[in-house]
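Residue-level structural notes
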Amino acid sequence: MRLPFFVYGTLRPGEPNHDLFLRGRTSAEEPGRLTGAVLYDGPGYPYAVEEPRGAVSGELVTARPEAYDELLAALDRLEEYMPGDPRSLYERVEREVVRDADGAAVRAWVYVAAPAVAARLRARGKLVEGGDWRARRR
């Protein structure tokens, strides 16, 4: 299934990995919001952790069809996502994201903290208040 991606950290426009991974590979980038998650500082990069009452700000990114497979593989490597591997930092999951422009719910791939990472962050991580990586205090 060729879903858009929801990016909320270093892949957002103006952040360091946007140009490295997304420039020239996307057909649309639209502001959106992932509900049911909170954001933790990694440090250095964020982790979305699923929590019922949270919300995370970011962008819905639609890949150009001819770049989709290459982009999916590149993002899996960047996020150190290896299906079934307990050493993965993130899991790629399908979630509904609300597009800011019209309030539509859009199914998208989201990289969320893997279970072991999420447990560590819940226990002693630094929560990013408001769920917006770009608005955090540096």
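No experiment lies behind these values; they were computed from the predicted model shown.

1. What to know about the pairing of strand 2 (residues 26-41)
- Inspection of the sheet shows strand 2 paired to strand 3 (residues 46-63) by 14 bridges, in the antiparallel sense. Residue pairing across strands places Leu 34 opposite Val 56, the latter belonging to strand 3.
- Count of turn residues in the strand 2/strand 3 antiparallel hairpin: four residues, of which Gly 44 carries a positive phi of about 95°.
- Two elements, strand 2 and strand 4 (residues 90-99), share three bridges in a ladder whose sense is antiparallel. Residue pairing across strands places Leu 34 opposite Val 97, the latter belonging to strand 4.
- Taken together, the two bridges between strand 2 and strand 6 (residues 126-127) define a ladder with antiparallel strand orientation.

2. Structural notes on the pattern of salt bridges
- Applying the stated rule across the entire model yields 14 salt bridges.
- Where Arg 12 meets Asp 132, a salt bridge forms, and the shortest distance between an N and an O atom there is 2.8 Å. Remark: Asp 132 occurs in the segment after strand 6 and Arg 12 occurs in the loop between strand 1 (5-7) and helix 1 (16-22); sequence separation between them is 120 residues.
- Note on Arg 12: relative accessible area 4%, which makes it buried.
- Ionic pairing is found between Arg 92 and Asp 76, a salt bridge with its closest N-O pair at 2.9 Å. On the criterion of sequence distance, the pair formed by Arg 92 in strand 4 and Asp 76 in helix 2 (residues 68-78) is long-range, its members being 16 residues apart. Side by side, Arg 92 and Asp 76 carry an identical accessibility label, which is buried.
- Here the residues in one salt-bridge network are Arg 12, Glu 59, Asp 132 and Arg 134, joined through shared partners.

3. Looking at the environment of Leu 3
- Here Leu 3 shows up in the segment before strand 1.
- For the pair Leu 3 and Val 110, spaced 107 residues apart in sequence, the C-alpha separation works out to 9.9 Å.

Parameters at a glance
- Residues numbered from 1 in each chain as written.
- Predicted model: local features only at pLDDT ≥ 70, side-chain atom pairs only at ≥ 80, totals over all residues.
- Heavy atoms only, no water.
- Pairing = 2+ DSSP bridges.
- Helix = DSSP H or I, 4+ residues; strand = E, 2+ residues; numbered from the N terminus.
- Salt bridge = Lys/Arg side-chain N within 4 Å of Asp/Glu carboxyl O.
- Buried < 20%, exposed > 50% of the residue type's maximum accessible area, 1.4 Å probe, protein only.

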